[in-house]
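So you can see what is in the structure, the chains are spelled out below.
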Amino acid sequence: VTGVQDVCSSDLNHQRSLRTLQPKGTLVVRAHIGAAQVYVGGELVGATPSDGELRVSVLAGDINVVVKKAGYLDAAVVTKTVEKGQEASIEVTLEMIPLRVGGNIKPPTKLKHVEPKYPSDARAARRQGIVILEVTIAVDGTVKDAKLLRPIPMLNDAAIEAARQWVFAPTLLNGIPVPVILTATVQFTLPD
């Protein structure tokens, strides 16, 4: 058994020494969100400091980099080529996961409201009612997305187009602007 352990041990040492001989470069990761975990090839290699960049030695070649942070949407995998003895850098900006309005998340104040343009075919068909949307508001108060929750044929596109032009005061949580999701209504009423 001792002879087998010696062979395995020397094999492992040989693999380690081969790895140290492989060409390496430096990966520099800047995350514009403070401390975030950095994975290279699926393996955690470190975390970005809250006010700077992570520098890590990696094998030269094409590498896949993923940056993650709790409360944020995962960044897309970035493929970067690292040359032997050279530096390769990436900058990452992650999006916060939008918070649903309710509880301690107060509805934001609408600063700019745009009325929908009543579609002529809907007007001719005497179509009216309330379209209900789920609206995602970015940290700067602009509408990032609007999805139908309760559609009304012929009115949906006009409702979404109007909602995408709305502007809200940024929503703050502990003094930090956060993206939010809220339910909004767009009313279409025909004159009598």
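Our structure is the block above this text.
Below, the structure is looked at part by part.

Reading the values: the criteria
Residues numbered from 1 in each chain as written. Predicted model: local features only at pLDDT ≥ 70, side-chain atom pairs only at ≥ 80, totals over all residues. Heavy atoms only, no water. Helix = DSSP H or I, 4+ residues; strand = E, 2+ residues; numbered from the N terminus. Buried < 20%, exposed > 50% of the residue type's maximum accessible area, 1.4 Å probe, protein only. Polar contact = N/O pair within 3.5 Å; in protein donor to acceptor, adjacent residues only side chain to side chain. Contact = heavy atoms within 4.5 Å. Core = buried A, V, L, I, M, F, W, Y, C linked by side-chain atoms within 4.5 Å. Phe/Tyr/Trp six-rings, centres within 6.5 Å; stacked < 30°, edge-to-face > 60°. Lys NZ or Arg CZ within 6 Å of the ring centre and 35° of its normal. Pairing = 2+ DSSP bridges. Axes fitted to C-alpha atoms, helices over the stretch in contact; angles between N-to-C directions. Salt bridge = Lys/Arg side-chain N within 4 Å of Asp/Glu carboxyl O.

Description of unusual backbone geometry
Now for step 1: Of note, the phi angle at arginine 126 is positive, near 60 degrees, even though the residue is not glycine.
Now for step 2: Among the secondary structure elements, arginine 126 is positioned in the loop between helix H2 (120-124) and strand S10 (129-137).

Considering the side chain of glutamate 134
Now for step 1: Within the secondary structure, glutamate 134 is located in strand S10.
Now for step 2: Assessed through its relative accessible area of 17%, glutamate 134 is described here as buried.
Now for step 3: A polar contact of 2.7 Å, which involves the side chain of glutamate 134, links it to the side chain of arginine 100.
Now for step 4: Sequence-distant contacts of glutamate 134, that is, excluding residues within four places in its chain, are made with Arg100, Asp145, Ala146, Lys147, Leu149, Ile181 and Leu182.

Digging into the nonpolar core
Now for step 1: Counting 25 residues, the largest nonpolar core has Val131, Leu133, Val135, Leu155, Trp166 and Phe188 as its most contacted members.
Now for step 2: Elements with a minimum of two residues in this core: S10, strand S11 (143-150), helix H3 (156-163) and strand S15 (180-188).
Now for step 3: Sort the elements by how many residues they give to this core and S15 lands first, with 5 residues.
Now for step 4: Grouped together as the second largest cluster of nonpolar side chains are 20 residues, Ile63, Val67, Val82 and Ala88 included.

Comments concerning the packing of aromatic side chains
Two numbers describe a pair of aromatic rings. These are the distance of the centres and the angle of the planes.
Now for step 1: Following the criterion strictly, the structure yields 2 aromatic pairs and no others.
Now for step 2: Considering the side-chain rings of tyrosine 118 and phenylalanine 188, the 5.4 Å spacing of their centres and the 85 degrees angle between planes classify their relative orientation as edge-to-face. Within this pair, whereas tyrosine 118 is found in the loop between strand S9 (110-112) and H2, its partner phenylalanine 188 is found in strand S15, the two being separated by 70 residues in sequence. As far as burial versus exposure is concerned, tyrosine 118 and phenylalanine 188 are alike and both buried.
Now for step 3: Seen in terms of ring centroids, tryptophan 166 and phenylalanine 168 are 6.4 Å apart; in terms of plane orientation they differ by 75 degrees. Their pairing is edge-to-face.
Now for step 4: The residue whose ring lies beneath lysine 68 is tyrosine 39, and the NZ or CZ to ring-centre distance is 5.3 Å.

Details of the pairing of S10
Now for step 1: Alignment of S10 against S15, held across 9 bridges, turns out to be antiparallel. Its bridge partner lying in S15, isoleucine 137 is registered against valine 180.
Now for step 2: Pairing between S10 and S11: 6 bridges, direction antiparallel. By the bridge assignment for S11, threonine 136 is matched with aspartate 145.
Now for step 3: Counting the residues that bridge the hairpin from S10 to S11 gives 5 residues, and of these glycine 141 lies at a positive phi of roughly 95 degrees.

What to know about H3
Residue pairs three or four apart in sequence face the same way in an α-helix, which turns once every 3.6 residues.
Now for step 1: Across the 8 residues of H3, 6 count as buried, placing the element largely inside the fold.
Now for step 2: Burial in H3 covers these residues: Asn156, Ala158, Ala159, Ile160, Ala162 and Ala163.
Now for step 3: The elements touched by buried residues of H3 are S10, S11 and S15.

Description of the sheet that holds strand S3 (residues 43-47)
Now for step 1: Read from one edge of the open sheet, 4 strands run S3-S2-S5-S6, paired in antiparallel fashion. Of all the strands in the sheet, the pair left with one neighbour each is S3 and strand S6 (78-82). Between one strand axis and the next, the sheet turns by 35 degrees as a mean value, whatever way the strands run.

A few points about the pattern of salt bridges
Working definition: two side chains of opposite charge can pair if their charged atoms are close together.
Now for step 1: Tallied over the entire structure, the rule returns 7 salt bridges.
Now for step 2: As a salt-bridge pair, glutamate 87 and arginine 55 come within 1.8 Å of each other at their nearest N and O atoms. Of the two residues, glutamate 87 is situated in strand S7 (residues 87-92) and arginine 55 in strand S4 (residues 53-59); the sequence distance between them amounts to 32 residues.
Now for step 3: Two residues, lysine 144 and glutamate 95, come together in a salt bridge whose shortest N-O distance is 2.1 Å. Of this pair, lysine 144 sits in strand S11 while glutamate 95 sits in the loop between S7 and strand S8 (99-100), and the two are 49 residues apart along the sequence.
Now for step 4: Given the relative accessible area of 40%, glutamate 95 is considered partly exposed.

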